[in-house]
Amino acid sequence: MFGLKQFFKKLLKDDTQKVEQKTSVETIRNAFSNRYLNFKTLLSANHEVLELITDMEDAFSGSRTFGMSFIRANCTAISIHIYKIINCLNEISKNKYKELPKVLEGILPEIDRELQQKKLEAGQELVFPLERVDKTMADNVGAKMANLGEVKNNVGLPVSDGFVITAAAYECFMEYGDLRDEINRKIQFLEPANIARLHETSSEIQNLIITAPCPRELEDAIIKAYTDLMKKAGHDLHVSMRSSALGEDTMDASFAGQYRSVLNVSKEDLIFSYKEILASKYSVPAVSYRLNKGFRDADIIMCVGCMSMVNAGAGGVMYSADPGNIRHECIIINAVWGLGKSVVDGSMAPDLFVLSKEDPKIILKKEISVKRQQLVSGISEGICLADVSKGQANNPAITDEQTTLLGEVALRLEKHFGAPQDIEWAFKPDGSVSILQSRPLMVLGKELTAITDIPKSKVDLPVILTGGVTASPGVASGPAFVVATTVDMLRFPSGAVLVTKNPLPQWAALLNNAIGVITDKGGITGHLAAVAREFNVPALVGTSIATKHIHNGDIITVDATGGTVYAGRAESLLEKAVEKTSLMKGSPVHKTLGNVLKYIAPLNLTDPDASNFTPEGCRTIHDIIRFAHEISLRELFAFKKDASFPDHLARRLVIDVPMQWWIVDLGGGCKEGMKEGDAIRLEDITSDPMLTLWKGITAVPWQGPPPIDTKGFFSVMYGATMDKSLVPGMRSRYADRNYFMISKNFCHLSSRFGFHFSTVEAFWGDKVAENYICFNFSGGAADDVRRARRTELIKLILEKFDFWVKIKSDTLFARLERQKASFLKERLKVLGHLVMHTRQLDMVMSNSGRVNKHVEKILKDLSLFVTIPE
């Protein structure tokens, strides 16, 4: 046993400092109070880290949207708290665990490595001619142009000549303008829900790129490639310039319509148009899409395809499968006069052709729209609207023979790429076809289309409209919000149904907040329709009359599958609606979070008595906080080694209640004038939280353990033999006592009753923001299933009393904070009752019915001294 001199050497860190053997009890109390303040800080930091870990795990397994800023912010917060935990532990233990910082220094660099945005290695060539491109070159030219090069060079279908400005060119441009750091600074805290901030930041970054100088070597390479293209054509020509970003046009992320395309570009505008397309990486729709889909900024490298401009007589989009139902064996074609841009941006109502996949000559469905205008190439550059003659406006944009030709092309491309394709095409004035794009088509699986097999439910609500095209199946209900301008975008509320005249690609930025989409114009092949399917947002397009009959604030139900919009909430339909799935899973950001969590969340140190329960045994952040929490309790009560500690600090509460209760007064918790060594009675206590907790402990006398059946007995025997911590000789030395540490407005109870360990901590004062109750409960002698049921029982009761509750295995964490003292007092009594009356209940939790039975009994007992919430 330490002498007093050795005790003070240990207490004051300086082993060489001489201390007088006789020291006032006040000094000892102050020293212990300082230890406990460190312990309290450690506990608080421990709670914070556990909450952060839980938040990250919920994000990883749930459907919420998050970005790299979420991961970085949580990792930073965890780092701050974990350093605080280690420092507090070493303060409590007098620097016994100097190895812990080194252990942490081995974990944090691994987390930092995962957080680094790994840049893809780009090839060195700034420009590739299209005849050298195939599908293996996606990392250099982007998936769109890699696929188009494959179509041209290996499938053998007609594709215009052209070239690709590569990923290496993008890196060259960004480095030359020293843009990357400034852009990273601006985007690091962007969130998809904050449309106003997105608009502001988007404008700043796009202006930064457009006004930045282009490196001379890159400009020369682009002009040379254009000159070579012109020589090959044998005449002056204009080009179409399209985005081909890395990550675009893949199976999981189409980025449909999110980036800029510039059509009919002259030589003089090549460089400016190139910069416009680079800048479109930071357009509002593109940034919002990227954040929602879990792409890091560094994952997106913008390549640009330049191809001889096709002056189309007719153009459009076709799908080699029905994107809304994988079981429909058909090919879908949308067509308009002139350029097909009006199909993808939804600005015109296209013709619809549905062909048999078995025989494309068979037209299963044909719907011809009135097409009074068309998009055509301008005389000098750009594109413009032109009127369609009256005789032509009502005619199909393509002939039956051309639809058959397109159907055969669709089947050929689907076979070559091994998956359904989304294909843009154009017919030249001479009638020959040219393929402008072929990318994977997202086809909704059976789980999302099964709703089409459900018999129609009876809906007793007024019908607002019927018809239109199901662009994305499903049902949604909420307030309508009509969007026509950018200002409307900024005002769009979360949980509303997006109603708009034209399904413009920029409205895709709202799909994170929208629960449904209804449009006047557009078709199934439009860009907004494609993104709605990716986001699993029900979308009904081409209704013609939606904006005339639906007004802001109207509560409506859109049944996109059934092609109907109702006034009010159609509950019979909504109960069959399919829940949204996570957009993040499998994305780079999602993978990064998963990799980071490997160094944070796993708990390897589960047995405090195991040989590896050491600083060196900590392999994750969770291990460190588990180790620190257990050891801090041991160290906190290490004062009992010293002769002075039991006599002067921990005094037994003299009370006619079973078990040993010990009091440590941190100052103000007991009446003034008490002498050291005096026994403490309840009337001597002035700590308001302790007295409140004690009322809950004693309000209903404990009647002893519940009757136990044979299975319960063997469950207990099995649990006791498997849990080493329950062997009497291996228990913690503070386990046989229940300690209250108190001050006037603070109470911390560390209690172990048999196989059950719990802590209750409460503080309240004048500042509501600082008030809180925390509760941890774990252990039990029965098997895992019975312990889990008992934990669920406690959870059900605590949630009824407004606690936030988290369960992990058989351990329960609960908290209540930022409430008035009067509110917390009622809840603290509930915890006192649960600490006493849930002991050994795990032994009788043989089925879920027992859980409900004991919940009812405990609530009945609680009603004797607290008000049960409704």
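Reading the values: the criteria
Residues numbered from 1 in each chain as written. Predicted model: local features only at pLDDT ≥ 70, side-chain atom pairs only at ≥ 80, totals over all residues. Heavy atoms only, no water. Core = buried A, V, L, I, M, F, W, Y, C linked by side-chain atoms within 4.5 Å. Buried < 20%, exposed > 50% of the residue type's maximum accessible area, 1.4 Å probe, protein only. Helix = DSSP H or I, 4+ residues; strand = E, 2+ residues; numbered from the N terminus. Domains from an automatic or database assignment. Contact = heavy atoms within 4.5 Å. Axes fitted to C-alpha atoms, helices over the stretch in contact; angles between N-to-C directions. Parallel < 35°, antiparallel > 145°, perpendicular 65-115°, else oblique. Left-handed = near helix turned anticlockwise from the far one by under 90°. Nonpolar A, V, L, I, M, F, W, Y, C, P; charged D, E, K, R; others polar. Phe/Tyr/Trp six-rings, centres within 6.5 Å; stacked < 30°, edge-to-face > 60°. Lys NZ or Arg CZ within 6 Å of the ring centre and 35° of its normal. Pairing = 2+ DSSP bridges. Salt bridge = Lys/Arg side-chain N within 4 Å of Asp/Glu carboxyl O. pLDDT = per-residue confidence, 0-100. Polar contact = N/O pair within 3.5 Å; in protein donor to acceptor, adjacent residues only side chain to side chain.

## Quick look at the nonpolar core
Part 1 of the reasoning: Within the largest apolar cluster, 110 residues are counted, with the highest numbers of intra-cluster contacts made by Ile165, Met241 and Trp425.
Part 2 of the reasoning: The leading source of residues in this core is helix 6 (residues 167-176), at seven residues.
Part 3 of the reasoning: Each of domain 1 (311-441) and domain 2 (446-569) gives at least three residues to this core.
Part 4 of the reasoning: If sequence neighbours within four positions are ignored, Met241 has contacts with Ile165, Arg260, Ser261, Val262, Val265, Leu270, Ser273, Tyr274, Ile277, Val304, Gly305 and Cys306.

## Some details on the packing of helix 3 (residues 68-93) against helix 20 (residues 588-597)
Part 1 of the reasoning: Running from amino to carboxyl end, helix 3 crosses helix 20 at an angle of 15 degrees, the nearest separation of the two axes being 9 Å. In terms of orientation, helix 3 lies roughly parallel with respect to helix 20. Our pair here, helix 3 against helix 20, has a crossing hand that is left-handed. Judged by residue contacts, Met68, Ile71 and Cys75 of helix 3 engage Val589, Thr592, Leu593 and Val596 from helix 20.
Part 2 of the reasoning: Among the residues forming the contact of helix 3 with helix 20, the class breakdown is six nonpolar, one polar and no charged.

## Some remarks on the packing of aromatic side chains
Part 1 of the reasoning: Counting across every chain of the model gives nine aromatic pairs.
Part 2 of the reasoning: Taken together, a centroid distance of 6.3 Å and an interplanar angle of 90 degrees make the contact between Phe173 and Tyr274 edge-to-face. With Phe173 in helix 6 and Tyr274 in helix 10 (residues 270-279), the pair connects residues that are 101 residues apart, well separated along the chain.
Part 3 of the reasoning: Taking the centre distance of 5.7 Å and the plane angle of 20 degrees together, the rings of Trp661 and Phe740 count as stacked. Taken together, the positions of Trp661 in strand 23 (residues 661-665) and Phe740 in strand 25 (residues 738-743) put the pair 79 residues apart, joining distant regions of the chain. As far as burial versus exposure is concerned, Trp661 and Phe740 are alike and both buried.
Part 4 of the reasoning: Here the aromatic residues Tyr97, Phe613 and Phe627 are joined through ring pairs into a cluster of three or more.
Part 5 of the reasoning: Arg815 extends its terminal NZ or CZ atom over the ring of Trp804, reaching a point 4.2 Å from the ring centre.
Part 6 of the reasoning: A cation sits over an aromatic face here: Arg827 above Phe823, 3.8 Å from the ring centre.

## A look at the pairing of strand 20 (residues 555-559)
Part 1 of the reasoning: Judged by how many residues are buried, strand 20 sits mostly within the fold: four of five residues are covered.
Part 2 of the reasoning: Two strands pair when backbone bridges link them, and strand 16 (residues 475-483) and strand 20 are joined in this way by five bridges, in the antiparallel orientation. Bridge pairing links Pro479 to Ile555 in strand 20.
Part 3 of the reasoning: Both strand 20 and strand 21 (residues 564-567) contribute to a ladder of four bridges, which runs antiparallel. The residue of strand 21 that forms the bridge with Val558 is Val565.
Part 4 of the reasoning: If you look at the hairpin formed by strand 20 and strand 21, you'll find four residues sitting between the two strands, and Gly563 has a positive phi there, around 65 degrees.

## Thoughts on the pattern of salt bridges
Part 1 of the reasoning: Under the criterion given, the structure shown has 29 salt bridges.
Part 2 of the reasoning: Note that Lys825 and Asp688 form a salt bridge whose closest N and O atoms lie 3.1 Å from each other. With Lys825 in helix 26 (residues 821-837) and Asp688 in helix 23 (residues 688-698), the pair connects residues that are 137 residues apart, well separated along the chain.
Part 3 of the reasoning: Judged by its relative accessible area of 29%, Lys825 falls in the partly exposed class.
Part 4 of the reasoning: In this structure Asp688 comes out as partly exposed when scored by relative accessible area, which is 26%.
Part 5 of the reasoning: The network of salt bridges with common partners includes Glu131, Lys152, Asp161 and Lys232.

## Looking at the sheet that holds strand 8 (residues 351-356)
Part 1 of the reasoning: In space, the six strands of this open sheet follow the order 9-8-7-6-12-13, with antiparallel pairing throughout. In this open sheet, the two strands that pair with only one neighbour each are strand 9 (363-367) and strand 13 (433-440). In this sheet, adjacent strand axes meet at a mean angle of 15 degrees when their direction is disregarded.
Part 2 of the reasoning: One ladder, built from six bridges, connects strand 7 (residues 330-337) with strand 8; its direction is antiparallel. In the sheet register, Cys330 faces strand 8, and the bridge partner there is Ser356.
Part 3 of the reasoning: Packing against the sheet, helix 14 (residues 400-417) makes contact with strand 6 (314-319), strand 7, strand 8, strand 9, strand 12 (421-427) and strand 13, and its axis sits at approximately 140 degrees to strand 12.

## Digging into the sheet that holds strand 21
Part 1 of the reasoning: Read from one edge of the open sheet, eight strands run 14-21-20-16-17-18-19-15, paired in mixed fashion. Edge strands, defined here as strands with exactly one partner in the open sheet, are strand 14 (463-466) and strand 15 (469-472). Direction aside, neighbouring strands of the sheet carry axes that sit 30 degrees apart on average.
Part 2 of the reasoning: Alignment of strand 15 against strand 19 (residues 539-541), held across three bridges, turns out to be antiparallel.

## Some words on the confidence of the model for the chain
Part 1 of the reasoning: When pLDDT is averaged along the chain, the result is 82; 83% of the residues meet or exceed 70.
Part 2 of the reasoning: Model confidence for the chain, summarised as mean pLDDT per element, is weakest for helix 15 (residues 446-449) at 37 and strongest for strand 2 (residues 162-165) at 96.
Part 3 of the reasoning: Scored below 50 in pLDDT, residues 446-455 makes 19 contacts in the model with residues more than four places away or belonging to other chains.
Part 4 of the reasoning: Contacts for the low-pLDDT stretch residues 639-647, under 50 throughout, to residues beyond four places or in other chains number 21 contacts.

## Describing unusual backbone geometry
Part 1 of the reasoning: Phi angles above zero are rare outside glycine, and Asn95 is one such case at about 65 degrees.
Part 2 of the reasoning: Assignment of secondary structure puts Asn95 in the loop between helix 3 and helix 4 (99-115).
Part 3 of the reasoning: For Ser544, which is not glycine, the phi dihedral falls at a positive 75 degrees.
Part 4 of the reasoning: Here Ser544 is to be found in the loop between strand 19 and helix 18 (546-549).

## Focus: helix 6
Helical periodicity: at 3.6 residues per turn, an α-helix aligns residues three or four positions apart in one direction.
Part 1 of the reasoning: The element helix 6 is largely enclosed, with a buried count of eight among its ten residues.
Part 2 of the reasoning: Inspection of helix 6 places Ala167, Ala168, Ala169, Tyr170, Glu171, Cys172, Phe173 and Met174 among the buried residues, and these make up the whole buried set.
Part 3 of the reasoning: The N-cap of helix 6, judged by a side-chain oxygen 3.3 Å from the amide nitrogen of Ala168 a few residues on, is Thr166.
Part 4 of the reasoning: Two residues or fewer past helix 6, Asp178 is found with a positive phi of approximately 50 degrees.

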